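# Coordinates in review
Spelled out from the first residue to the last, the chains are:
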Amino acid sequence: MLNNITGYMEEYDHENLVVCQHKSTGLKAFIAIHDTTLGPAVGGCRMWPYEKEEEAVEDALRLGRGMTYKYAAAGVNLGGGKAVIMGDPAKDKSEALFRALGRFIDRLGGTYYTGLDAGTVLQDMEYIRQETEYVVTLPVYLGGAGPISPYTARSTILGMKASLQELIGDSSLRGKKIAVQGAGDVGYNVIKYLVEEEASEITVTDIDVQRVRKVADDFGAKTKIKAVEPEKIYDTPCDIFSPCALGAVLNRDTVGRLKCKAVSGSANNQLKEDSDGDLLNERGILYAPDFIVNSGGTIYDTDRIMYGSHNHERAKKNVEAVYDKICRIFEIARQEKVIPHRAAEILARRRIEAYSNIKIL
Ligand code: NAD
């Protein structure tokens, strides 16, 4: 791909690829700006020990494009982008390295905003913020929105409700059985909401037994909480399976085992292959596309960028709107006879096309 970068960019209609090199800090990074039709490109900064530059470039371009679709389908007026740093997060980090990246981002003049992704933490964002204002996911004392996981959990719940509405014409979670994979920041809050919504049984698993124990301690008196071994979660009879741990969990080995009617979870890239979405469909399991289901946190977080300053009520209202977006995706899927994952991409593309035709005379 490296000998035909613009050809690759043309294939997916990428706008810009910025190559960043800074010798004394050891920074080698790529910033991909996929599409700014709807607004400035926003997407996290990944730090990863890529073996080849080609892998890093491809990752930046692929992830940046994913962000465009996420925002467009979620109805958020932002574009998609991503930064990737070539390096081992355990060994190669320094304040100077992130500040050097911050200067490169600053030069882009607000066409790209960075944030957290795999391999970066809040402290890294604070270093970048010293050089540029174009950063999301900051602590409150630096003008950020604060913890966003509860809002990601909220949109995950809205994905469940929209799925029930589509399947049985009633969005209530009352009396429903839900299996949650991962009781981390998002999974714990999903369970908290499920208890509030009076789900009748919550099966939970995590490779960290302390996290399962905390769920049982905090909610066991109010709702039936069942703990299972990590591998058993796929075999759990339930109304909805909610993957909130890691990606690629919906694959050839697991889809055939699922005993649920719908899947709605926060984990990124749940489908190992696109064809696993078809497998779910063949089994009659409704799949709420992950990149919309988990958009609540980023919608809450980016309110400040779209409107100039953060407003809690407005940001919350926009998170709640994810319910309608997911209902619309299911509607398109029905009308166009495609799986919901593809329907979400259709919705995103339509929105971008509609805006790209706006001409100011
Ligand atoms: P987290 O690290 O706090 O929680 C993940 C949990 O999954 C941990 O408790 C971990 O022990 C557990 N886990 C890991 N492997 C497991 C396995 N094989 N089986 C069962 N449990 C396992 O992460 P989080 O912030 O809660 O995010 C959860 C998922 O949602 C991730 O995929 C993340 O990329 C995605 N996501 C999170 C947000 C957010 O706002 N935090 C936003 C969008 C997407």
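Keep in mind that this is a model prediction, so the values were computed, not measured.

Turning our eyes to something else, we now look at the pattern of salt bridges. Summed over all chains, the structure comprises 25 salt bridges. Here Arg334 and Glu166 are joined by a salt bridge, their closest N and O atoms 2.8 Å apart. Residue Arg334 is located in helix 13 (residues 322-336), and its partner Glu166 is located in helix 5 (residues 149-168); the two are separated by 168 residues in the primary sequence. Salt-bridge contacts for Lys224 lead to Glu201; the nearest nitrogen and oxygen are separated by 3.3 Å. One end of the pair, Lys224, is in strand 9 (residues 224-227); the other, Glu201, is in strand 8 (residues 201-205), with 23 residues separating them in the sequence. Relative accessible area serves as the criterion here: at 48%, Lys224 is assigned to the partly exposed category. One connected set of salt bridges, linked through shared partners, spans Arg46, Asp59, Arg62, Lys82 and Asp117.

Moving on to the nonpolar core. Leu27, Ile31, Ile85, Leu101, Val190 and Leu194 are the most contacted members of the largest nonpolar core, which has 88 residues in total. Split by domain, the residues of this core number at least three in each of domain 1 (5-64 + 78-139) and domain 2 (149-295 + 325-347). Non-local contacts of Ile31, meaning those with residues more than four positions away in its chain, are made with Asn16, Leu17, Val18, Cys20, Lys82, Ala83, Leu101, Ile105, Leu108 and Tyr112. Among the nonpolar cores identified, the runner-up in size contains 15 residues, and Phe241, Val255, Cys260 and Leu271 belong to it.

Lining the immediate environment of the ligand, one finds 19 residues, of which Thr152, Asp185, Val186, Asp206 and Ser266 sit closest. In the model, an oxygen atom of the ligand is placed 2.6 Å from a nitrogen or oxygen of the Thr152 side chain. Take Ser266: an N or O atom from its side chain is 2.9 Å from an oxygen atom of the ligand. Summarising the interface, the protein chains cover 73% of the accessible area of the ligand, which totals 820 Å² for the free molecule. Contributions of two or more residues to the shell around the ligand are made by helix 5 and helix 6 (185-196). Counted by class, the shell around the ligand contains eight nonpolar, seven polar and four charged residues.

Below, the discussion takes up the side chain of Ser266. Locating Ser266 in the fold gives a position in the loop between strand 11 (262-263) and helix 8 (275-282). Contact partners of Ser266, with chain neighbours within four places excluded, come to Thr152, Thr156, Val186, Pro243, Cys244 and Asn294.

Using the criterion set out here, one finds five aromatic pairs in the structure. With a centroid separation of 5.3 Å and 75° between ring planes, the pair formed by Tyr113 and Tyr134 is classed as edge-to-face. On the criterion of sequence distance, the pair formed by Tyr113 in strand 6 (residues 112-113) and Tyr134 in the loop between helix 4 (122-129) and helix 5 is long-range, its members being 21 residues apart. Neither residue differs from the other here; Tyr113 and Tyr134 are each classed as buried. For the pair Tyr151 and Tyr300, a centre-to-centre distance of 3.7 Å together with 5° between the ring planes defines the contact as stacked. Taken together, the residues span a long stretch of sequence, with Tyr151 in helix 5 and Tyr300 in helix 10 (residues 296-301) at a distance of 149 residues.

All right, on to the sheet that holds strand 7 (residues 177-181) then. Reading across the sheet, the six strands line up as 9-8-7-10-11-12 and stay open at both edges, with parallel pairing between neighbours. If you trace the sheet from one side to the other, it starts and ends with strand 9 and strand 12 (286-287), each paired once. Against the sheet, helix 6 makes contact with strand 7, strand 8 and strand 10 (240-243), and its axis sits at roughly 165° relative to strand 7, the strand it touches most.

Let us now look at the packing of helix 2 (residues 53-74) against helix 14 (residues 340-356). Remark: helix 2 packs on helix 14, axes separated minimally by 8 Å, with the N-to-C direction vectors making an angle of 80°. Judged by the inter-axis angle, helix 2 sits roughly perpendicular to helix 14. Judged by residue contacts, Thr68, Tyr69, Ala72 and Ala73 of helix 2 engage Ala344, Glu345, Leu347, Ala348, Arg349, Arg351 and Ile352 from helix 14.

Below, the discussion takes up the domain arrangement of the protein. What the domain assignment reports for the protein is domain 1 (5-64 + 78-139) and domain 2 (149-295 + 325-347). The C-alpha centroid of domain 2 is placed 30 Å from the C-alpha centroid of domain 1.

Cut-offs and rules
Residue numbers here run from 1 along each chain, matching the order of that chain's written sequence. In view of the model being predicted, local features appear only for residues whose pLDDT reaches at least 70, and side-chain atom pairs are presented and counted only at 80 or more, with totals across whole chains, interfaces and linings using the full set of residues. Hydrogen atoms and water are omitted, and side-chain values are computed over all heavy atoms in the structure. Salt bridges are identified by distance alone: a Lys or Arg side-chain nitrogen within 4 Å of an Asp or Glu carboxyl oxygen. Numbering of helices and strands runs from the N terminus; a helix is a DSSP stretch of H or I covering at least four residues, while a strand is a stretch of E covering at least two. Exposure categories follow from relative accessible area, calculated using a 1.4 Å probe and restricted to protein chains: below 20% of the type maximum is buried, above 50% is exposed, and the middle band is partly exposed. Side-chain atoms within 4.5 Å are what join buried Ala, Val, Leu, Ile, Met, Phe, Trp, Tyr and Cys residues into a set we call a nonpolar core. Here the limits of each domain have been adopted from an automatic or database domain assignment. Two residues qualify as a contact provided that any one of their heavy atoms is within 4.5 Å of a heavy atom in the partner residue. Consider each residue's heavy atoms; a residue with any of them within 4 Å of a molecule or strand counts as near. Pairing of N or O atoms within 3.5 Å defines a polar contact, subject to two protein rules: one partner must be a possible hydrogen donor and the other a possible acceptor, and residues neighboring in sequence count only if both atoms are side-chain atoms. Accessibility throughout is a Shrake-Rupley quantity obtained with a 1.4 Å probe, and a residue counts as covered only by protein chains that appear here. Each residue gets one of three labels, nonpolar for Ala, Val, Leu, Ile, Met, Phe, Trp, Tyr, Cys and Pro, charged for Asp, Glu, Lys and Arg, and polar for the others, Gly among them. Aromatic pairing here means that ring centres of Phe, Tyr or Trp (its six-membered ring) are within 6.5 Å. Orientation follows from the plane angle: under 30 degrees is stacked, over 60 is edge-to-face, and everything else is tilted. For two strands to count as paired, DSSP must find a minimum of two bridges between them. Fitted lines through C-alpha atoms give the axes, limited to the stretch in contact for helices. The angle between two N-to-C directions lies from 0 to 180 degrees. By the definition adopted for this analysis, an angle is roughly parallel if under 35 degrees, roughly antiparallel if over 145, roughly perpendicular if from 65 to 115, and oblique otherwise.

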